[in-house]
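# Reading the structure
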Amino acid sequence: MTDVRSDDFTLINSVSDVIPLYQGNRLPENRQYIGFETEICVYKNVAGKPVAASSQDCAKLLQHLKDLGHQPQLEMASAVEYASPPFRVTEVPQLVSEIKQSWHDYTAAIREQGFTPNDSALLPFVTLESAESNLVDRDRARGLVKGMKLFKEPEFLKVTLLCTSTQVSLSYKDPDDLYDLLATGYALQAPIYALFGNYPAFVEGNPERIGINPRAAFYDAFGKQGGIPDTLLTAKDGSDFIRKHAQQVFETPLLFYYDHDKNLVWPEKPVTFEELKAIGLNTRSNYDLAESFIYTDLKVCNIRDETGHPTGKRIEVRGFDAGELGVEGSVPFIHATLRDPQTNAQVKALLSEYGLTPDREGWQERVKEARHNAAFHGGKYLDVGFGVKPDGKPGNLRDFCRELGGLLELHAQRNPGIADALKPVTGICKTGFTLAEQKSIAAKNYDHANRQLLAVANDNRQFLPSARLKLPAPK
């Protein structure tokens, strides 16, 4: 969780004032950057029951990691965050190696302190009430929770306090590159949520087995502030998207904002950035803060230097669940599908076959429908509708993922440095058997799901494709 800087008092009066911020770095393709971050939820064994780490536990753990030479951040509740340095897109094997080593170091340090890293996006037993009792002592955390409780749907808090995720960031050259990345990235949201779905069979302390992808479903309740934005679906090109996105930032309600003394202000009701102009607080800091309240699946946000000052914009791909599968596979997956010229072209061609590219009439509704199907799968996981085939028949996400897996295997053959990291993902593409489905089958009931957290130290290796025959066949 990175706080927005509160000390940039540059006034922003119109959309035209911020257009230059989004023009890209103007660097050639091989000099673009890719980065990674993941949230690691932490729990402990207390008298034979799993219990989420307290804010005091996390503060001590954070210091322990810093003492070991790491640079962790605290997340909202019971979690720490690891963020990689940026790497050139030509250095993905090095980035994958950096992530693997850091994941090992972080999880080892967590275990050294008597905790267990949760290899999943959620803990079955954590509720909004229990999570709030573990809230970290930070202004942004308190401001978000206070404002969301007052003015937002419960799903806002559920994402904020219950869920952990993995994100991959990409720089971009110019508005056209931005639009291309977003159009393809949003078309891939259903496969990303489904393939990297890593969540338990029970959530929020409820003994009823779920039939949704929790994070994807929660974000659906965010309306224009979540999911797939109309700003992209209605844009003619990159420049049009930038203007529409900036206008959305101007119209986004802020739950809190910064005053001239850099203090947080909690209004009686949310105010938009546009409305802050009336009191002279239409500052760059508050513009960035407003942008941070847009939680779309591909987030446009700041690139910062080592001091935290914004230096440009990036795309953050946010559909990956927390846990080892996303940690290992998200960077090579995104590099392959969005940044490797050959594989990217093949993926676009495959998406076009399913009617999910901007050159296909009606692609906007199909992209939104595909995402909805992956979020509310009803226990069918990959066996849901996905686009439409050239003959007019409905497409199927399982079939698409099988074909996508073939493209990823070819990519791995051309790029042996990331082949091992992609294997779990291509294995799921082949079998059509996701981690979430396997976990649901393996958990007999709610109590059993919680006992498993202690019995196997939450090690997902038992659920990887090679272990499929050890589990009952899916119903």
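That block above? That's the structure.
Everything numeric here is computed off the predicted structure, so don't read it as measured data. (Residues numbered from 1 in each chain as written. Predicted model: local features only at pLDDT ≥ 70, side-chain atom pairs only at ≥ 80, totals over all residues. Heavy atoms only, no water.)

Attention now moves to the environment of Pro-229. Inspection of the secondary structure puts Pro-229 in the loop between strand S8 (226-227) and helix H10 (230-233). With relative accessibility at 6%, the residue Pro-229 sits in the buried group. Between the alpha carbons of Pro-229 and His-245 there is a distance of 8.9 Å; along the sequence they are 16 residues apart. Excluding its chain neighbours within four sequence positions, the residues that come into contact with Pro-229 are Tyr-186 and Thr-296. (Helix = DSSP H or I, 4+ residues; strand = E, 2+ residues; numbered from the N terminus. Buried < 20%, exposed > 50% of the residue type's maximum accessible area, 1.4 Å probe, protein only. Contact = heavy atoms within 4.5 Å.)

The subject of this paragraph is the nonpolar core. Within the largest apolar cluster, 149 residues are counted, with the highest numbers of intra-cluster contacts made by Leu-195, Tyr-287, Val-331, Phe-333, Ile-334, Phe-386 and Phe-400. Here the element with the most residues in this core is helix H3 (residues 92-112); it accounts for eight residues. Not counting chain neighbours up to four residues away, the residues in contact with Phe-333 comprise Ile-192, Leu-195, Phe-196, Phe-320, Leu-404, Leu-408, Leu-422 and Val-425. (Core = buried A, V, L, I, M, F, W, Y, C linked by side-chain atoms within 4.5 Å.)

Relative to strand S17 (residues 394-396), strand S16 (residues 385-388) is paired through two bridges, and the arrangement is antiparallel. The partner of Gly-385 across the bridge, within S17, is Asn-396. Taken together, S16 and the strand that follows it, S17, pair antiparallel across an intervening segment of five residues, in which Gly-392 is found at a positive phi of about 90°. (Pairing = 2+ DSSP bridges.)

In a regular helix each residue adds 1.5 Å, so 13 residues correspond to 18 Å; helix H5 (residues 139-151) covers 18 Å between its end C-alpha atoms and thus fits that length. All of the buried residues along H5 are Arg-140, Ala-141, Gly-143, Leu-144, Val-145, Gly-147 and Met-148. Buried residues in H5 make contact with helix H4 (128-132), helix H6 (154-162), strand S11 (264-265), helix H13 (284-292) and strand S13 (295-296). (Expected span 1.5 Å × (residues − 1).)

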